[in-house]
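# Descriptive structure summary
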Amino acid sequence: MPIGFSIEDKKTLDNLSRSIENVDDKIENLNEQLNLNVSNKISDQNKTFKNHLSEIDDIKSEINSMEKKHY
């Protein structure tokens, strides 16, 4: 221990170090949750988009069928 530091100073520094490690772990966990949530949201949006495209294709087919019957 450097000269001028007491046992209490060392305990305080150890506590601060543990607190910083805990905060770092919490930030990492939150980041992982956020990434998972964003990934899930993107996946949901892709499914919705594909469903809309499918509905549009169905409507186009229906219009084509109606046009053929009309002629």
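Up top you'll find the structure we're talking about.
The following refers to the structure shown. Here the residue numbering is sequential within each chain, running from 1 through the sequence in written order. Selection of residues for local features in this predicted model requires a pLDDT of at least 70, selection of side-chain atom pairs for listing and counting requires 80 or more, and totals for whole chains, interfaces and linings are taken over all residues. Derived side-chain values reflect all non-hydrogen atoms in the structure, with water molecules and hydrogen atoms excluded from consideration.

## Some details on the overall build of the chain
Helix numbering and strand numbering both begin at the N terminus, where a helix is a DSSP run of H or I of at least 4 residues and a strand a DSSP run of E of at least 2. When its secondary structure is counted, the chain shows one helix and zero strands. Our radius of gyration is a C-alpha quantity, and the globule rule it is checked against amounts to 2.2 Å times the number of residues to the power 0.38. Its C-alpha atoms give the chain a radius of gyration of 30 Å, clearly above 11 Å, the size a compact globule of 71 residues would have. When its C-alpha atoms are laid out on the principal axes, the chain stretches across 100 × 15 × 10 Å. Expressed as a percentage of the 71 residues in the chain, the buried residues total 0%. Computed by Shrake-Rupley with a 1.4 Å probe, the accessible areas treat only the displayed protein chains as cover when residues are assessed. Accessible surface for the chain amounts to roughly 6,900 Å². Of this, 56% is attributable to carbon and sulfur atoms. Think of it this way: Lys and Arg go in the positive column, Asp and Glu in the negative one, and His and the chain ends go nowhere. All charge positions are set by atom: Lys at NZ, Arg at CZ, Asp at CG, Glu at CD. Distance between charge centres in the chain, computed from 10 positive and 14 negative side chains, equals 5 Å. Each residue is placed in one exposure class: buried if its accessible area under a 1.4 Å probe, protein chains only, is under 20% of its type's maximum, exposed if it is over 50%, and partly exposed if it falls in between.

## A short note on the pattern of salt bridges
The working definition used for a salt bridge is a side-chain nitrogen of Lys or Arg within 4 Å of a carboxyl oxygen of Asp or Glu. This model, assessed by the stated rule, comprises two salt bridges. We note a salt bridge from K11 to E8, for which the minimum N-O separation is 3.7 Å. Of the two residues, K11 and E8 are both situated in helix α1 (residues 7–70); the distance of three residues between them amounts to about one turn of the helix. For D14, the salt bridge goes to K10, with nearest N and O atoms at 3.0 Å. One end of the pair is D14 and the other is K10, both in helix α1 and four residues apart, which spans about a single turn. Classification of D14 by relative accessible area gives partly exposed; the value is 31%. Accessibility expressed as a relative area gives 40% for K10, which makes it partly exposed.

These values are about where atoms sit, not about what they do.
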